[in-house]
Amino acid sequence: MALTLFGGARSRASMPRWYLEEKGIPYTWQLLDMEAGEHRQEPFTAINPFAKVPALVDEDPALPSGRLQLFESGAILLYLAERFGGECQTAAERGLAQQWVLFANATLATALFVPSNREREFPRLMDVLDLKLAEGPLMGDDWGVADCAVNAYLAYLPIFFPQIDLSPYPHVQATIAATQQRPAYQRGMGQR
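Residues numbered from 1 in each chain as written. Predicted model: local features only at pLDDT ≥ 70, side-chain atom pairs only at ≥ 80, totals over all residues. Heavy atoms only, no water.

S.K.: Go over a nonpolar patch on the surface with me, naming the residues and quoting the values.
M.R.: A cluster of nonpolar side chains, namely Phe113, Ile159 and Phe160, defines an oily patch on the protein surface of about 230 Å² accessible area. Within the secondary structure, phenylalanine 113 sits in helix H4 (residues 91–113). (Patch = residues over 30% accessible without salt bridge, like charges linked within 9 Å, V, L, I, M, F, W, Y side chains within 5 Å. Areas by Shrake-Rupley, 256 points an atom, 1.4 Å probe, with all protein chains shown as cover. Salt bridge = Lys/Arg side-chain N within 4 Å of Asp/Glu carboxyl O. Helix = DSSP H or I, 4+ residues; strand = E, 2+ residues; numbered from the N terminus.)

Structure, rendered in structure tokens:
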């Protein structure tokens, strides 16, 4: 069995990379030179014909054809959680994990990175997330794929939007601080 994660500097590949680091899942990191267009050339386009990162290749004789190729950070996170992370063992757990990963990659990402949505949606989402984060991990008692997806975006706030006042959201602030101190986060996200 061999996992290879393909990504570029400052890309969404950092999320599945953080998950792999956090769970201690062995993998090979393949950094693509995005400025040189390495992601738009073979052999990478054979893995993701859309020429976007991240992409994951799982080579295992037990898989159909001995190999699985995935793109999209959310799909990669969910696959890793179910196959290697010991998460998502029931339909209900899969549904909850999908809910949080899709929320992070669609709703939360849009609220952060689309300026008109940031003004309208961001405060409402932060109010709800602040209350939810006060309860602990998003699914169950332990850190998992939902926390990885959501907290990765929250940790972007002080990096990309230092002007946003987070003081009304003390649990969001505490989550960001705790996330930034995690050794696996530093390995997976900090090495962009």
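S.K.: Could you give an account of the environment of aspartate 60, with specific residues and numbers?
M.R.: Mapped onto the elements of the fold, aspartate 60 is located in the loop between strand S3 (55–59) and strand S4 (67–71). Residue aspartate 60 is classed as buried on the basis of its relative accessible area, which comes to 12%. The spacing of aspartate 60 and alanine 2 is 58 residues in sequence and 6.6 Å in space, taken between C-alpha atoms. Sequence-distant contacts of aspartate 60, defined by excluding residues within four places in its chain, comprise Met1, Gly66, Arg67 and Arg83. (Buried < 20%, exposed > 50% of the residue type's maximum accessible area, 1.4 Å probe, protein only. Contact = heavy atoms within 4.5 Å.)

S.K.: Account for the packing of helix H7 (residues 145–160) against helix H8 (residues 170–181), with residues named and values stated.
M.R.: Where H7 meets H8, the axes come as close as 9 Å, and the angle between the chain directions of the two elements is 95 degrees. Accordingly, the angle class assigned to the pair H7 and H8 is roughly perpendicular. Seen from H7, the contacting residues are Asn151, Leu154, Ala155, Leu157 and Pro158; seen from H8, they are Val172, Thr175, Ile176, Thr179 and Gln180. Broken down by class, the residue content of the contact of H7 with H8 amounts to 6 nonpolar, 4 polar and no charged. (Axes fitted to C-alpha atoms, helices over the stretch in contact; angles between N-to-C directions. Parallel < 35°, antiparallel > 145°, perpendicular 65-115°, else oblique. Nonpolar A, V, L, I, M, F, W, Y, C, P; charged D, E, K, R; others polar.)

S.K.: Quick one: what's the story with the packing of aromatic side chains, residue by residue and with numbers?
M.R.: Taken as a whole, this structure holds 13 aromatic pairs when the rule is applied. Arranged with centres 5.4 Å apart and planes meeting at 65 degrees, the rings of phenylalanine 50 and phenylalanine 71 form a pair that is edge-to-face. Of this pair, phenylalanine 50 sits in the loop between helix H2 (44–47) and S3 while phenylalanine 71 sits in strand S4, and the two are 21 residues apart along the sequence. The exposed category is assigned to phenylalanine 50, whose relative accessible area is 57%. Ring centres of tryptophan 100 and phenylalanine 103 lie 5.6 Å apart, and the angle between their planes is 85 degrees; this geometry places the pair in the edge-to-face category. With a gap of 3 residues between them, tryptophan 100 and phenylalanine 103 both fall in helix H4, about one helical turn apart. The exposure classification of tryptophan 100 matches that of phenylalanine 103, with both residues buried. Three or more aromatic residues link up through ring pairs in this structure, and these residues are Phe113, Tyr153, Tyr156, Phe160 and Phe161. Across from the ring centre of tryptophan 29, 4.2 Å away, lies the NZ or CZ of arginine 17, which sits over that ring. (Phe/Tyr/Trp six-rings, centres within 6.5 Å; stacked < 30°, edge-to-face > 60°. Lys NZ or Arg CZ within 6 Å of the ring centre and 35° of its normal.)

S.K.: I'd like a description of the state of the cysteines, backed by residues and values.
M.R.: Following the criterion strictly, the structure yields 0 disulfides and no others. The thiol sulfur of cysteine 88 is not disulfide-bonded, and the nearest other cysteine sulfur, from cysteine 148, lies at 12 Å. Given a relative accessible area of 5%, cysteine 88 falls into the buried group. (Disulfide = S-S within 2.5 Å.)

S.K.: Describe the nonpolar core, with residues and values.
M.R.: In this structure, Tyr19, Leu108, Met126, Val150, Leu154 and Leu157 are the most contacted members of the largest nonpolar core, which totals 55 residues. Contributions of two or more residues to this core are made by strand S1 (2–7), helix H1 (14–23), helix H3 (73–83), H4, helix H6 (122–133), H7, H8 and helix H9 (183–188). Those residues within four positions of leucine 157 in sequence are excluded, and the remaining contacts are Leu112, Phe122, Met126, Pro162, Ile164, Leu166 and Ile176. Formed by 7 residues, the second largest nonpolar core is a distinct cluster that contains Phe6, Val53, Ala55 and Val57. (Core = buried A, V, L, I, M, F, W, Y, C linked by side-chain atoms within 4.5 Å.)

S.K.: Now, about the pattern of salt bridges: what can you tell me, with residues and values included?
M.R.: Applying the stated criterion to the full structure yields 10 salt bridges. With a closest N to O distance of 3.2 Å, lysine 132 and glutamate 135 form a salt bridge. Since its relative accessible area comes to 26%, lysine 132 is described here as partly exposed. Judged by its relative accessible area of 59%, glutamate 135 falls in the exposed class. The network of salt bridges with shared partners includes Asp58, Asp60 and Arg83.

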